[in-house]
Structures are given as C-alpha cells and as structure tokens.
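Report on the structure
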Amino acid sequence: MVDVQGTVADGFGPVRDAFAANFTRHGERGAAVVLYREGEKVVDLWGGTKTPDGGEGSYGGEGPDGGEGSGGGKGPGGHEPWTQDTAQVVRSVTKGVAAAVPLLLHQRGQLDLDGRVSTYWPEFKAAGKERVLVRHLLAHRTGVPVLDTPLTPDQAIDGISGPLAVAAQRPVWEPGTAHGYHAQTYSWLLGELVRRVTGRTIGRWIAEEIARPLGLDLWLGLPEEQRGRVGRIAAVEPPAAPASAGPRLRPKRSVAEAYQDPESLTRRAFAAITPVPDENDPAYLAAELPASGGVATAEALARFYAALIGPLPSARTVRSGGRLFAPATLTMARTEESAGPDQVLVVGTRFGLGYMLHGPACPLLGPGSFGHPGRGGSLAFADPEARIGFAYVTNGMRRGVTADPRAQALVRAVRTSLAALEA
C-alpha cells in the first residue's frame with residue numbers, strides 16, 4: 001500500500017480514493033494530482049517514489065511504437081519518496097502551456113492568428129507553405145508533422161536545426177485541408193514563431209510572463225538549480241488484470257498497424273527525433289521543446305489552467321485583471337478548429353487553438369473542457385463551466401497517447417465529486 005499524502009476539501013473524497021486505487025489497480029509508481037475550483041485549491045495529493053521502479057533505472061525515452069527507447073545512464077531518485085514539490089517531465093502536456101503564448105500575444109495585439117506564418121518568419125514559406133496561417137499551426141493543420149530527414153537528439157535541442165528543418169520541409173498534405181498531430185515538429189514550429197514575434201525564446205517568455213507572475217514551478221528549459229526536484233520517468237507495464245475482468249481491450253488494427261509501419265505518418269511523426277532522446281538527460285531538461293520538454297509540478301499545471309479561466313486570489317499581479325485569458329481569448333482557445341480523422345493518430349481527434357478538446361479520443365471533464373494530455377499518462381485541463389483547473393502528473397509512462405486509465409479514473413472521480421456537491 002502506498003501512503004498517499006496531501007489534502008482534499010470536503011466533498012472531494014472520491015478523488016483521494018481514485019488516486020490511491022491507481023497504485024493498486026493500475027500500477028502507479030509515483031504521481032500527484034491537484035484540482036483548483038473557483039480559484040482555490042481543493043485537492044492536493046501525491047504519493048509513491050520519484051523513480052518508477054523505486055531504484056535507479058536507466059530508461060531513456062519512448063520509441064515511436066510506444067515501447068522503450070534508448071537509455072541514458074543512471075539517475076537520482078532511488079527509494080526517495082515523491083514529495084509535494086516534486087516536479088516531472090510532462091511530455092505533451094507542455095503543448096497546452098506553450099499554446100497560451102501565441103494566444104496571449106494575439107490578445108495583446110502582437111500576433112494575428114489569421115495572418116500568414118511567413119509574415120513573421122519569411123523562410124517558412126518555402127516548399128509550398130506560403131499560405132499557412134498561424135491558426136493552422138496551432139490546430140495541427142500545417143501539414144508538417146514529419147521530417148524527411150529526422151533530427152538527432154543534439155540537433156533537436158540546439159535551437160537552430162529544428163527551425164531550419166521545418167521551414168524547408170514540404171507539407172505532406174495541403175495546409176489547412178486536414179489535421180494531424182504534430183507530435184514533435186510542434187516544438188520548432190511554435191518556438192520559432194514566438195522568437196520571431198517577440199525576440200525572446202518561448203521558454204523565457206513563459207518564465208517572465210506566466211510562471212513568475214503566477215508563482216508556478218513550471219519550466220520550459222529547466223534551470224540547473226532545480227534538477228534535484230525532478231523525478232525520473234520510465235516505462236511501466238500495467239498489472240495483469242484478474243480473470244474476472246474479462247478480455248483486455250486492444251487497439252484497433254488500423255491504429256496498431258500505423259504505429260508499427262515505419263513509413264506511416266504516425267511512426268514518422270513520433271520519430272522526427274531519431275534516435276529517441278533521453279528525456280532524463282540534463283541537456284534535454286534544459287532545452288526548450290514546447291512539444292514535449294516541459295517540467296512542472298501538478299500544482300503548477302492546475303494553477304496555470306485555473307488562471308486561464310479566472311483570477312487566482314493568491315496570485316501576484318497579472319494582466320487582464322488577475323486572469324490570463326480575456327473572455328474572447330478563452331472562446332478562441334476552445335472553439336473547434338480541427339475535428340475528425342487525425343492523419344497521424346489515426347483515431348478521431350478534436351483541437352481548438354493549441355488545445356485538445358473533450359471527445360472520445362481525449363475525454364476531459366465535459367464538453368467545454370480544453371487542455372492537453374501527455375503521451376504515457378499525464379493530463380492537465382480547464383473547464384470554465386465547472387470553474388476548475390485540473391492536473392495529474394506521473395513518472396510511470398504507459399503505452400498510449402490521449403486517454404490513460406489512471407488519469408481517466410481521476411477525471412471520473414472529479415465528475416462524481418462535483419455532481420454530489422451540486423446536487
């Protein structure tokens with residue numbers, strides 16, 4: 001039994017129960033979950049160890065088929081327990097934080113979402129991309145989810161090779177006519193756009209305009225002095241289901257085949273960095289990869305999403321009266337821009353401007369929810385109607401991209417708690 005630490009407000013006991021059950025039913029190793037409601041924290045739970053196997057391990061990343069990637073040596077952690085201030089690499093949950101940057105730039109009159117990307121980044125118009133709009137980039141409609149020549153891990157983080165590669169890449173579909181998850185290339189597309197518009201790297205912009213004003217333990221480009229707080233991620237297998245549970249659900253053949261086929265857009269999108277980078281490497285943690293490299297606590301992510309939709313009473317001064325998104329910006333963030341068959345993920349997905357929206361492929365709290373999952377487990381989102389900001393962070397990476405069973409158990413528990421409180 002894992003000793004679950006933290007607090008829950010009256011009425012949110014089901015969330016604590018679900019969090020504790022994840023360790024026994026779903027093989028959770030180390031994790032945290034935080035929930036804000038109406039700007040106040042009502043759930044703050046953590047448990048397990050900072051390293052998934054309770055030892056040192058040598059896992060380096062996750063390959064394009066969802067399996068283990070190349071390792072990267074031993075790291076800290078051991079049997080050290082997960083604590084309230086443990087931070088974690090959150091993979092594509094980072095995309096939801098990064099997406100706030102162009103939306104806030106638009107809100108401040110510095111970026112036209114209906115303008116062409118090449119207006120700000122002239123080199124990007126090469127190879128048939130002259131008509132790509134900023135909103136296409138945010139909604140995964142650019143047509144550049146793959147690179148004909150993948151980048152090495154060193155090239156991926158050097159700040160130069162990535163932008164050059166996506167600028168030169170020919171789209172695999174006519175931009176704006178379809179959508180497909182830009183799993184890795186989103187880093188260089190969004191990061192370079194922000195640099196061209198602001199003169200700052202996206203990690204610096206987030207630190208100066210979002211993280212510091214809101215007091216968030218959240219970094220895109222981890223400072224060296226914060227490394228000791230970061231847990232180690234590793235691949236974990238779910239526990240065997242009891243016979244009474246019946247047959248396990250398996251991916252549809254088309255999905256499984258897409259991940260196995262080295263020529264598929266699915267496989268190529270996730271392999272835009274080859275070989276698989278070591279996500280526990282200090283150099284990777286220090287890089288600014290807005291598609292996958294963010295490091296954060298669950299508290300910081302939940303607080304971030306709470307600040308998108310409403311003021312935080314305890315926050316230092318930020319623009320828009322203590323909230324990040326003005327009402328019009330909030331509407332844009334969660335208005336559907338892409339829906340239907342995803343050219344990369346194969347299943348049907350829904351995107352607003354930079355955010356995944358509630359649907360079968362990515363179930364959130366309800367129809368108005370918007371946020372982003374991270375491949376392997378983590379999830380963060382907001383729901384303006386329920387007035388909540390939610391974040392779940394884990395170090396045990398399981399196969400899957402958008403609907404981890406541990407995260408979904410917690411979301412169901414939140415839904416149950418809110419329903420009881422409002423009854």
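Above this text sits the structure in question.
Quick caveat: nothing in here was measured; it's all calculated off a predicted structure.

**Remarks on the overall build of the protein chain**
When helices and strands are tallied, the protein chain shows 15 helices and 14 strands. Out of the 423 residues belonging to the protein chain, those deemed buried represent 59%. A separation of at least 24 residues holds for 70% of the contacts in the protein chain among residues at least 6 apart in sequence. About 16,500 Å² of surface is accessible on the protein chain, with carbon and sulfur atoms providing 51% of the total.

**A closer look at the pairing of strand β8 (residues 338-341)**
Where β8 and strand β9 (residues 348-351) come together, 4 bridges link them in antiparallel fashion. Residue pairing in the sheet places P341 in a bridge with G348 of β9. Connecting β8 to the antiparallel partner β9 that follows it, the hairpin turn spans 6 residues, and V346 within it adopts a positive phi of roughly 75°.

**Quick word on the sheet that holds strand β4 (residues 88-89)**
Strand order in the open sheet formed by 3 strands is β4-β7-β5, and the pairing between neighbours is antiparallel. Every interior strand has two partners, whereas the edge strands, β4 and β5 (218-219), have only one. Bridge count for β5 against strand β7 (residues 295-296) is 2 bridges, and the pairing is antiparallel. Among the inter-strand pairings, W219 is bridged to a residue of β7, identified as V295.

**Regarding the pattern of salt bridges**
Taken as a whole and assessed by the stated rule, the structure comprises 21 salt bridges. E208 is paired through a salt bridge with R200; the nearest N and O atoms lie 2.6 Å apart. What you see here is one network of salt bridges that share partners, running through R108, R200, R204, E208 and E209.

Parameters at a glance
- Residues numbered from 1 in each chain as written.
- Predicted model: local features only at pLDDT ≥ 70, side-chain atom pairs only at ≥ 80, totals over all residues.
- Heavy atoms only, no water.
- Helix = DSSP H or I, 4+ residues; strand = E, 2+ residues; numbered from the N terminus.
- Buried < 20%, exposed > 50% of the residue type's maximum accessible area, 1.4 Å probe, protein only.
- Contact = heavy atoms within 4.5 Å.
- Areas by Shrake-Rupley, 256 points an atom, 1.4 Å probe, with all protein chains shown as cover.
- Pairing = 2+ DSSP bridges.
- Salt bridge = Lys/Arg side-chain N within 4 Å of Asp/Glu carboxyl O.

None of this, on its own, says anything about what the molecule does.
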